[in-house]
Amino acid sequence: MENTENFNWTYKIKEYFDKKGKIPKAFVQTYGCQGNVADSERIKGMIFDMGYLFCDDVKDADLIIFNTCAVREHAEDRVFGNLGRLKKLKIKNPDLIIAVCGCMVQRESVAKRLKNNFNYVDLIFGTFVTDDLPKLLYQAIETKKTVIDISENNLIPDENVKRIGKFDFKAFVPITYGCDNFCTYCIVPYVRGRLRSVEYQDVLSRVSNLVKNGYKEITLLGQNVNAYGKDLQKENLFSKLLEDINNIDGDFIVRFMTSHPKDLSFHDIETISKLEKVEKHLHLPVQSGSDRILKLMNRKYDSKSYLKLVDYAKSLMPQVTFSSDIIVGFPGETREDFDETLNLIKQVGYSNLYTFIYSKREKTKAAEFHDETDRETKVSRLEEILQLQKQITKKLNENLIGTNQRILIDEKRGENSFAGKTLSNVLVTVNSKEDIFSKFINVKITDANISYVSGEIIKE
Ligand code: SAH
Ligand code: SF4
Ligand code: F3S
């Protein structure tokens with residue numbers, strides 16, 4: 001039903017531009033996490049079907065879409081700033097359609113602010129209704145009035161839409177939408193809704209098709225991939241999914257994110273260790289090393305159980321690497337709490353850290369917590385972590401010198417210079433006169449830097 005409807009709206013938009021004898025161009029800007037990137041790929045697929053081509057400069061666009069993130073205030077400020085700059089384009093070209101979607105507009109206060117202070121925005125649509133884009137966009141074009149739909153539902157998006165991604169050999173595959181965890185600082189459950197797992201067979205057949213079409217890297221996405229299937233009352237479904245994907249014929253690798261320390265099981269770790277196509281890397285955000293703070297964050301694990309997971313993974317996979325998100329300056333974080341975070345970082349030895357200063361988010365529980373730490377202290381704590389992390393990464397990278405690694409080349413850095421990542425998610429640069437883009441290459445690591453290592457191609 002929905003598909004036929006979409007088909008009709010899509011056709012109407014196509015017809016509208018055909019009549020004008022115009023090939024419209026669209027500019028899509030994505031903020032936030034890979035979940036948002038995956039949504040933008042669907043959005044691009046839909047607007048391509050409507051007849052739009054894509055442009056890299058807002059000045060050339062007939063349609064501008066900002067797919068936004070609400071996770072921190074800073075992310076939202078950037079969107080408001082960039083949106084402000086579009087006003088003069090709209091004055092010059094009243095036919096230009098400006099759309100804002102994603103997590104930020106799912107907040108009623110933001111939708112209101114956009115409506116009142118950014119009256120040149122034509123379309124505001126939330127995270128639950130991306131499938132309705134053809135209809136909403138047609139309404140915006142046709143009525144020339146601001147169209148707003150931030151309604152909620154518990155559906156998962158249509159699996160059968162076209163997607164347009166950056167690569168034709170790497171794909172994001174969402175396995176869950178939403179999140180049930182309600183960490184006290186986090187806005188995601190409010191803007192993305194409850195956990196909804198994509199049907200098992202739908203995930204499997206999408207991955208099979210991608211592999212059949214020559215895709216070499218599949219990244220399974222979810223706010224907590226280890227919770228996959230919990231809403232379907234199925235246990236251990238994530239491990240089973242990894243096994244079944246690993247059994248698909250073909251030369252490809254499987255990445256996944258994000259792992260949640262409260263739901264990642266020893267069984268999951270065993271599965272990951274056994275499967276040759278599955279990355280030996282865990283993005284396992286700890287947020288803080290202090291049990292007191294973890295409790296206040298409602299993370300439902302403590303530093304001891306976290307380190308047990310890490311040690312178990314290390315014992316089964318000597319080559320395993322870890323990355324993490326850390327929040328600095330959560331309300332009430334003392335110097336002692338922070339020192340515990342530094343200690344934990346040292347004990348784990350992360351290959352990569354994503355560090356954020358706590359940002360107060362409307363509706364969340366932590367927004368009511370008393371926060372007495374000043375910003376200067378928070379900034380200096382952040383800086384301390386970055387310095388520590390640099391030393392750790394450098395050492396890890398130095399340990400790789402002399403080893404042989406297989407990498408998938410996904411970056412051309414310059415004439416004869418390429419880069420890619422190992423199964424353990426380590427960034428490697430390599431020189432080659434031949435075009436090796438999108439190929440698996442065996443390299444010997446010769447040099448280590450802070451954020452990457454360099455290697456030489458091993459001749460077969
Ligand atoms: N589902 C993932 C995280 C998604 S949000 C998980 O549970 O690990 C990505 C990261 O943003 C979080 O891990 C956290 O470190 C950070 N983050 C979320 N809310 C934040 C806030 N209010 N202030 C600062 N950082 C925040
Ligand atoms: Fe946010 Fe916590 Fe869910 Fe991650 S697990 S998305 S941090 S509520
Ligand atoms: Fe941001 Fe939404 Fe992702 S808030 S981090 S884009 S789920």
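Scroll up to find the structure.
Residues numbered from 1 in each chain as written. Chains lettered and ligands numbered in written order. Predicted model: local features only at pLDDT ≥ 70, side-chain atom pairs only at ≥ 80, totals over all residues. Heavy atoms only, no water.

### Here's the deal with the overall build of the protein chain
Test applied: Each helix corresponds to a stretch of at least 4 residues labelled H or I by DSSP, and each strand to a stretch of at least 2 residues labelled E; elements are numbered beginning at the N terminus. With a 1.4 Å probe rolled over the protein chains alone, any residue whose accessible area is under 20% of its type maximum counts as buried; one over 50% counts as exposed, and the rest are partly exposed. Using a 1.4 Å probe, accessible areas were evaluated by the Shrake-Rupley method; residue-level cover was limited to the displayed protein chains. His residues and chain termini do not enter the charge count, which takes Lys and Arg as positive and Asp and Glu as negative. Charge positions come from single atoms, namely NZ of Lys, CZ of Arg, CG of Asp or CD of Glu.
From N to C terminus, the protein chain includes 14 helices and 19 strands. On the principal axes, the C-alpha backbone points of the protein chain span a range of 65 × 60 × 45 Å. Each of the 460 residues in the protein chain was classed as buried or not, and the buried ones make up 53%. When the accessible area of the protein chain is evaluated, it comes to approximately 21900 Å², of which 49% is carbon and sulfur surface. Charge separation in the protein chain, taken as the distance between the mean sites of 68 positive and 66 negative side-chain charges, equals 3 Å.

### Notes on the site of ligand 1
To keep it simple, the criterion reads: For each residue, the test is whether any non-hydrogen atom lies within 4 Å of the molecule or strand; if one does, the residue is near. Two N or O atoms count as a polar contact when they lie within 3.5 Å, although within protein this holds only if one can serve as hydrogen donor and the other as acceptor, and sequence-adjacent residues are included solely when both atoms are side-chain atoms. Each residue gets one of three labels, nonpolar for Ala, Val, Leu, Ile, Met, Phe, Trp, Tyr, Cys and Pro, charged for Asp, Glu, Lys and Arg, and polar for the others, Gly among them.
Residues in contact with ligand 1 amount to 15 residues; listed here are only the nearest, Y185, Q223, Q287, D325 and S359. Here an oxygen atom of ligand 1 sits 2.6 Å away from a polar atom, N or O, in the side chain of D325. When isolated, ligand 1 has an accessible area of 540 Å², and the protein chains bury 91% of it. Listed by contribution, the elements that provide at least two residues to the shell around ligand 1 are β13 (321-328) and β14 (352-357). Here the residues of the shell around ligand 1 are counted per class, giving 7 nonpolar, 4 polar and 4 charged.

### Things to note about the pairing of β13
Within a regular beta strand, the side chains point alternately toward one face of the sheet and then the other, so they alternate between its two faces. Quick reminder of the rule: Handedness is read with the strands pointing away from the viewer; a crossover is right-handed when the path from the first strand over the helix to the second is clockwise.
Summarising burial for β13: 8 of the 8 residues are buried, a large majority. Each parallel crossover has a hand, and the one from β13 via helix α13 (residues 335-348) to β14 is right-handed.

### Notes on the site of ligand 3
All residues adjacent to ligand 3 are G32, C33, N36, C69, A70, V71, C103, R192 and Q223. By residue class, the composition of the shell around ligand 3 is 5 nonpolar, 3 polar and 1 charged.

### Here we look at the packing of helix α12 (residues 303-316) against α13
Going by this rule: For helices, the fitted axis covers only the stretch in contact; all axes are lines through C-alpha atoms, and the angles between them, taken along N-to-C directions, range from 0 to 180 degrees. Just so you know how the angles are binned, under 35 degrees is roughly parallel, over 145 roughly antiparallel, 65 to 115 roughly perpendicular, and the rest oblique. Crossing chirality is assigned from the near helix's rotation relative to the far helix, an anticlockwise turn below a right angle marking it left-handed and a clockwise turn marking it right-handed. Contacts are assigned to residue pairs that have any heavy atoms within 4.5 Å of one another.
In the contact formed by α12 and α13, the axes pass within 11 Å of each other and the chain directions differ by 15°. For the element pair α12 / α13, the angle class is roughly parallel. In this structure, α12 meets α13 at a crossing whose hand is right-handed. Residue-level contacts link S303, Y306, L307, V310 and K314 of α12 to L344, Q347 and V348 of α13. Here the residues of the contact of α12 with α13 are counted per class, giving 5 nonpolar, 2 polar and 1 charged.

### As for the environment of S424
With respect to the helices and strands, S424 occurs in the loop between β16 (417-421) and β17 (427-431). On a C-alpha basis, the gap between S424 and V320 in space is 6.0 Å, while along the polypeptide they are 104 residues apart. Beyond its immediate chain neighbours, meaning those up to four positions away, S424 contacts K280, H281, Q319 and T321.

### Overview of the sheet that holds strand β6 (residues 147-149)
Just so we agree on the cut-off: By this definition, two strands are paired if DSSP reports at least two bridges between them.
Spatial strand order, β2-β1-β3-β4-β5-β6: 6 strands in an open sheet with parallel pairing. Both edges of this open sheet fall to β2 (53-54) and β6, since each of them pairs with a single strand only. Note: strand β4 (residues 97-102) against strand β5 (residues 123-125), 3 bridges, orientation parallel. In the sheet register, A99 faces β5, and the bridge partner there is L123. In this fold helix α2 (residues 34-49) packs onto β1 (25-30), β2, β3 (63-68), β4 and β5, with an angle of close to 160° to the strand it touches most, β3. Packed onto the sheet, helix α6 (residues 133-143) meets β3, β4, β5 and β6 and runs at close to 160° relative to β5.

### A closer look at α12
This is how it is decided: Expected helix span is given by 1.5 Å per residue-to-residue step, counting one fewer step than there are residues. The arc in question is traced by the directions running from the helix axis to the C-beta atoms.
End to end, α12 covers 20 Å across 14 residues, agreeing with the expected 20 Å (1.5 Å per residue, within 8%). Among all positions in α12, only S303, Y306, L307, L309, V310 and A313 are buried. Buried residues of α12 fall within an arc of 150° about the axis and therefore sit on the same side. Facing away from the buried side of α12 by more than 90 degrees, the exposed set consists of K304, K308 and S315. On its buried side, α12 packs onto α10 (266-274), β12 (281-283), α11 (291-296), β13 and α13.

### Describing the pattern of salt bridges
Cut-off, in case you're wondering: Only one rule defines a salt bridge in this text: a Lys or Arg side-chain nitrogen within 4 Å of an Asp or Glu carboxyl oxygen.
Under the definition given, this model contains 27 salt bridges. For K170, the salt bridge is made with E217, and the minimal N-O distance between the two is 3.7 Å. Taken together, the residues span a long stretch of sequence, with K170 in strand β7 (residues 170-174) and E217 in strand β10 (residues 217-221) at a distance of 47 residues. Shared partners join several salt bridges into a network, and the residues in it are K170, E217, R255, E279 and D410.

### Some words on a nonpolar patch on the surface
Here is the rule: Excluding any residue in a salt bridge, patches collect residues exceeding 30% relative accessible area, merging like charges within 9 Å and nonpolar Val, Leu, Ile, Met, Phe, Trp and Tyr side chains within 5 Å.
Together, I23, F48, L53 and F54 line one region of the surface with nonpolar side chains, adding up to about 360 Å² of accessible area. Inspection of the secondary structure assignment puts F54 in strand β2. The class of F54 is partly exposed, set by a relative accessible area of 32%.

### Quick word on α10
Among the residues of α10, D268, I269, T271 and I272 are the ones counted as buried. For α10, the arc enclosing every buried residue in end-on projection is 160°, short of the 170-degree limit, so these residues lie on one face. Residues of α10 that are buried make contact with α9 (237-246), β11 (253-257), β12 and α12.

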